[in-house]
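# Notes for the structure review
Each chain is listed here by its residues.
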Amino acid sequence: MKAKEEQNFIKNSLIKRASVTMDVPDVDTDLERIAELNEAISVLNNHSMQKPCKAD
């Protein structure tokens, strides 16, 4: 999902730079989605890296 969002952002960014008279896609929303996904992935990675507590 992260890769797809990044590709959409890149594609929309290229369209934004190339367009002069066309409607411009909302790349800001795409960027916000990517940031949210990156944060969620980071939280999951941090959680999975924690060692389970051993009960003695």
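Please refer to the structure placed before this passage.
So, a few notes on the structure that sits alongside this text.

Definitions and cut-offs
Residues numbered from 1 in each chain as written. Predicted model: local features only at pLDDT ≥ 70, side-chain atom pairs only at ≥ 80, totals over all residues. Heavy atoms only, no water. Helix = DSSP H or I, 4+ residues; strand = E, 2+ residues; numbered from the N terminus. Buried < 20%, exposed > 50% of the residue type's maximum accessible area, 1.4 Å probe, protein only. Areas by Shrake-Rupley, 256 points an atom, 1.4 Å probe, with all protein chains shown as cover. Salt bridge = Lys/Arg side-chain N within 4 Å of Asp/Glu carboxyl O. Patch = residues over 30% accessible without salt bridge, like charges linked within 9 Å, V, L, I, M, F, W, Y side chains within 5 Å. Lys, Arg positive; Asp, Glu negative; His and termini not counted. Charge placed at Lys NZ, Arg CZ, Asp CG, Glu CD. Expected span 1.5 Å × (residues − 1).

### Quick word on the overall build of the chain
Looking only at helices and strands, the chain features two helices and zero strands. Going through the 56 residues of the chain one by one, you find that 14% of them count as buried. In the structure as shown, the chain presents an accessible area of about 5,100 Å², 56% of it carried by carbon and sulfur atoms.

### Structural notes on the pattern of salt bridges
In total, this model carries one salt bridge according to the counting rule given. The partner of R33 in a salt bridge is D30, and the shortest N-O contact between them spans 3.7 Å. Of the two residues, R33 and D30 both sit in helix α2 (residues 27-49), three residues apart, roughly one turn of that helix. On the accessibility criterion, R33 (42% relative accessible area) is partly exposed. Exposure remark for D30: the relative accessible area of 7% places this residue in the buried category.

### Regarding a negative patch on the surface
A grouping of D26, D28, E32, E36 and E39 is seen on the molecular surface, where their side chains present a negatively charged patch. For D28, the location among the structural elements is in helix α2.

### Side note on α2
Over its 23 residues, α2 runs 33 Å from end to end, which matches the ideal 33 Å to within 8%, given 1.5 Å per residue. What α2 keeps buried is the set V27, D30, I34 and L37.

### Considering the side chain of E5
Looking at the secondary structure, you find E5 in helix α1 (residues 2-18). As a buried residue without a salt bridge, E5 has its nearest oppositely charged side chain in R33, at a separation of 4.4 Å.

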